[in-house]
Amino acid sequence: KRTMFSWSNGSGAKTYPGQRLHRESAGAVEGSNRQSNSSFTRAQHLKSYVEDPTLQRSTRRVSSDDTTYDTVFQTTEGDTLILRVNLPLASSFATFCPAMTLAGVRCKHPWVEPQRMRVTGYDPIQSEHAWKECGMLLGNAVHDVVKYFQLNPPQILEFTDRGLESVQSKTKKDSRSNSPHGNGRHNERTQTPHRHHHHHQEQAGRAPPSYDVFAKQTNTPPRPKPPPDVPLPAIPQTFPTVDTMERDELDNKMEHDVPFQAYVQALPLYEELQTIRNSKAEEVKKLAEENLTKESQLKELHQSVAAKQKELHEKITAFEVLEKRQNDLCQPPDKMITLKKLNRAKKEAFEKSEEYAGEWIEDGAASVNDFVKEFVELRKVHHLRGAKMEILENATQQI
């Protein structure tokens, strides 16, 4: 049973998105038997995502740590998109909620926030409370979001990533060239419902490119920027003054630089070119002067950013030390060390009670009732610590 993608060609091979046969975590089974997300560790969430047989080929880590991953997928419209998934670092004192965005594109979609392209329409990731209570692993959540965008493609406004834009021409061309109804979307929209459904089924038989193919295409060297657009005058097709010159006069201008330069400088085209040249030179001079006036401000900003960066590194280092210390403090104590401490404390309590009894026998200052009361309290501590040792030892043997 295909529960998420219908891109498979029926061969049973695990290609992205491919044919999904089952889900491996809580939240995949309908009904009320869901676990709370608090029972899943961050490592389990990441494993369900990056090791998923369907998503694995099209998912790569894009951050220096293990917080941010990209998943490449293709919609039924033929657009290749990137879902960027951010899972905050785990902490022993805070919950975390994954954040998903569409990277390298500006689009319109009910699920997508227009400014940051963040996915906000998927209920389980709208808040930490919703994520904690939904009982889903991260891999299942990514599956749901990708599936929804595949079947309900966003309206593309602009590709802000050049590499992603370069992929579109090939994927969309391949997607449309295999369509029996033409190359444009107009033909797709004017089909009958039966043909439109058949067209989507044909598109579903092709898997989108894997992340390796996408990365290979996007890692090509960037194209050089085109030269600035300078409005130059049109080149004359004829030169009437040259047509009326004698052969000797033409030879004289061609053989001697001074007459030739004098003729060229007398042309209206030369004057127009000089005017443009002087105008551009003055424009460049003004821009350079403006840049120089901002040099001191740029240096100050650079120093400020460098100082803040240094401060950030120091705070991160201090935070990591404190976090490690907190994690160590929150860890349960070692049972063997605890048993040794209890045994030492048990002996101390016993020796203290014996010492008290010896002193009473020697001087007999306190009454019998007072002695018994105090002696029982001291021995109670001794036996209480012994009982705790027995409980720990039995628990260790059971484990």
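Residues numbered from 1 in each chain as written. Predicted model: local features only at pLDDT ≥ 70, side-chain atom pairs only at ≥ 80, totals over all residues. Heavy atoms only, no water.

Regarding the overall build of the protein
Heads up, the condition is: By definition, any uninterrupted DSSP run of H or I lasting at least four residues is a helix, any uninterrupted run of E lasting at least two residues is a strand, and each is numbered from the N terminus. For every residue, the accessible area obtained with a 1.4 Å probe (protein chains only) is divided by the maximum for its type, and the residue is called buried under 20%, exposed over 50%, and partly exposed between those limits. Throughout, a residue-residue contact means that at least one pair of heavy atoms, one from each residue, lies within 4.5 Å. Only the protein chains shown count as cover for residues, and all accessible areas are computed by the Shrake-Rupley method using a 1.4 Å probe.
Looking only at helices and strands, the protein has 14 helices and six strands in total. Scored against the burial criterion, the 399 residues of the protein give a buried share of 29%. Once local pairs closer than 6 in sequence are excluded, the contacts in the protein between residues at least 24 apart make up 62%. Only carbon and sulfur atoms are counted for the fraction: they give 54% of the accessible area of the protein, which is about 27,400 Å².

Comments concerning the side chain of Arg 42
Put simply, the test is: N or O atoms within 3.5 Å of each other form a polar contact, as long as, within protein, one can give a hydrogen and the other can take it, and as long as residues adjacent in sequence are counted only when both atoms are side-chain atoms.
Take Arg 42: it is sitting in helix α1 (residues 42-50). A polar contact is formed between the side chain of Arg 42 and the backbone oxygen of Asp 66, at a distance of 3.0 Å.

Quick look at the packing of α1 against helix α3 (residues 138-151)
Short version of the rule: Where helices are involved, their axes are fitted lines through C-alpha atoms of the stretch in contact, as for all axes, and angles between N-to-C directions lie from 0 to 180°. Roughly parallel means an angle under 35 degrees; roughly antiparallel means over 145; roughly perpendicular covers 65 to 115; every other angle is labelled oblique. Under this grouping Gly is polar, as are all residues other than the nonpolar Ala, Val, Leu, Ile, Met, Phe, Trp, Tyr, Cys and Pro and the charged Asp, Glu, Lys and Arg.
Where α1 contacts α3, the two axes come as close as 6 Å, and the packing angle between them is 45°. Considering the angle they form, α1 stands oblique to α3. From α1, His 45, Ser 48 and Tyr 49 reach across to α3, where they touch Leu 138, Gly 139 and Val 142. Class assignment of the residues belonging to the contact of α1 with α3 gives a composition of three nonpolar, three polar and no charged.

Considerations on the nonpolar core
General note: in soluble globular proteins, nonpolar side chains tend to be found buried as a group. The line we're drawing: Think of a nonpolar core as a cluster: buried Ala, Val, Leu, Ile, Met, Phe, Trp, Tyr and Cys residues, connected wherever their side-chain atoms sit within 4.5 Å.
Counting 35 residues, the largest nonpolar core has Leu 83, Met 100, Val 119 and Val 142 as its most contacted members. At the level of elements, α1, β2 (68-74), β3 (80-86), β4 (99-103), β5 (105-108), α2 (128-134) and α3 are the ones that each hand at least two residues to this core. Sort the elements by how many residues they give to this core and α3 lands first, with six residues. If near-sequence neighbours (up to four positions away) are discounted, Met 100 is found in contact with Leu 83, Arg 84, Val 85, Met 117, Arg 118, Val 119, Ile 125, Leu 138, Ala 141, Val 142 and Val 145.

Here we look at helix α13 (residues 335-363)
Operational definition: Expected helix span is taken as 1.5 Å per residue step, with the number of steps being one fewer than the number of residues.
End to end, α13 covers 42 Å across 29 residues, agreeing with the expected 42 Å (1.5 Å per residue, within 8%). Taken as a whole, α13 has its buried residues at Leu 339, Leu 342, Ala 345, Ala 349, Ser 353 and Ala 357. Structurally, the start of α13 carries an N-cap: the backbone nitrogen of Met 336 is 3.1 Å from a side-chain oxygen of Asp 334.

As for a nonpolar patch on the surface
Applied cut-off: In this analysis, a patch consists of residues with relative accessible area above 30% that form no salt bridge, clustered at 9 Å for like charges and at 5 Å for the nonpolar side chains Val, Leu, Ile, Met, Phe, Trp and Tyr. The term salt bridge refers to a side-chain nitrogen of Lys or Arg lying within 4 Å of a carboxyl oxygen of Asp or Glu.
On the surface, Val 368, Val 372 and Val 376 cluster together into a nonpolar patch covering about 240 Å² of accessible area. Topologically, Val 368 is positioned in helix α14 (residues 368-398). With a relative accessible area of 52%, Val 368 lands in the exposed category.

A closer look at the packing of helix α9 (residues 247-255) against helix α10 (residues 257-265)
Running from N to C, α9 and α10 cross one another at 100°; their axes reach a closest spacing of 5 Å. Viewed along their axes, α9 and α10 adopt a mutual orientation that is roughly perpendicular. Of α10, the residues touching α9 (which contributes Asn 252, Lys 253 and Glu 255) are Asp 257, Pro 259, Phe 260 and Tyr 263. Of the residues that constitute the contact of α9 with α10, the class distribution is three nonpolar, one polar and three charged.

Notes on the sheet that holds β3
Applicable threshold: What makes two strands pair is DSSP finding at least two bridges between them.
Strand order in the open sheet formed by four strands is β1-β2-β3-β4, and the pairing between neighbours is antiparallel. Strand pairing shows two members of the sheet lacking a second neighbour, β1 (59-61) and β4, which therefore form its edges. Going from strand to strand, the sheet's axes swing by 25° on average, the running direction of each strand aside. Each of β1, β2 and β3 is contacted by α1, which is oriented at about 30° to β2, the strand it contacts most.

Structural notes on the packing of aromatic side chains
To keep things clear, this is the line we draw: Aromatic pairing here means that ring centres of Phe, Tyr or Trp (its six-membered ring) are within 6.5 Å. Orientation follows from the plane angle: under 30 degrees is stacked, over 60 is edge-to-face, and everything else is tilted.
Tallying each qualifying case throughout the model produces eight aromatic pairs. Here the aromatic rings of Trp 111 and Tyr 122 are separated by 5.7 Å at their centres, their planes lie at 40°, and the arrangement is tilted. Of the two residues, Trp 111 is situated in the loop between β5 and α2 and Tyr 122 in the loop between β5 and α2; the sequence distance between them amounts to eleven residues. On the basis of relative accessible area, Trp 111 is assigned to the buried category, the value being 16%. Ring geometry for Trp 360 and Phe 371: centres 4.3 Å apart, planes at 20°, overall stacked. With a gap of eleven residues between them, Trp 360 in helix α13 and Phe 371 in helix α14 connect regions that are remote in the sequence.

A closer look at unusual backbone geometry
Look at Met 117: it is not a glycine, yet its phi comes out positive at around 60°. Structurally, Met 117 is set in the loop between β5 and α2. Classification of Met 117 as buried rests on a relative accessible area of 5%.

Some details on the confidence of the model for the protein
Using the following cut-off: A score between 0 and 100, pLDDT records how confident the predictor is in each residue.
Put simply, the protein has an average pLDDT of 76, and 72% of its residues get 70 or more. Under a pLDDT of 50 for its full length, residues 1-34 has, in the predicted model, 82 contacts with residues more than four places off or in other chains. With pLDDT under 50 throughout, residues 179-208 is counted as low confidence; its partners more than four residues away or in other chains account for 48 contacts.

A closer look at a negative patch on the surface
The test is simple: Charge counting follows a simple rule: Lys and Arg are positive, Asp and Glu are negative, and His as well as the terminal groups are ignored. Here the site of a charge means atom NZ of a Lys, CZ of an Arg, CG of an Asp or CD of a Glu.
Taken together, the side chains of Glu 348, Glu 351, Glu 355, Glu 359, Glu 362 and Asp 363 make up a negatively charged region of the molecular surface. Since its relative accessible area comes to 52%, Glu 351 is described here as exposed.

Describing the pattern of salt bridges
Following the criterion strictly, the structure yields eleven salt bridges and no others. Residues Lys 315 and Glu 311 are paired through a salt bridge, measuring 3.2 Å at the closest nitrogen-oxygen approach. Of this pair, Lys 315 and Glu 311 are both found in helix α12 (residues 295-330), four residues apart, which corresponds to roughly one turn of the helix. Exposure remark for Glu 311: the relative accessible area of 38% places this residue in the partly exposed category. We note a salt bridge from Arg 379 to Glu 354, for which the minimum N-O separation is 2.0 Å. Here Arg 379 is found in helix α14, whereas its partner Glu 354 is found in helix α13, with 25 residues between them in sequence.

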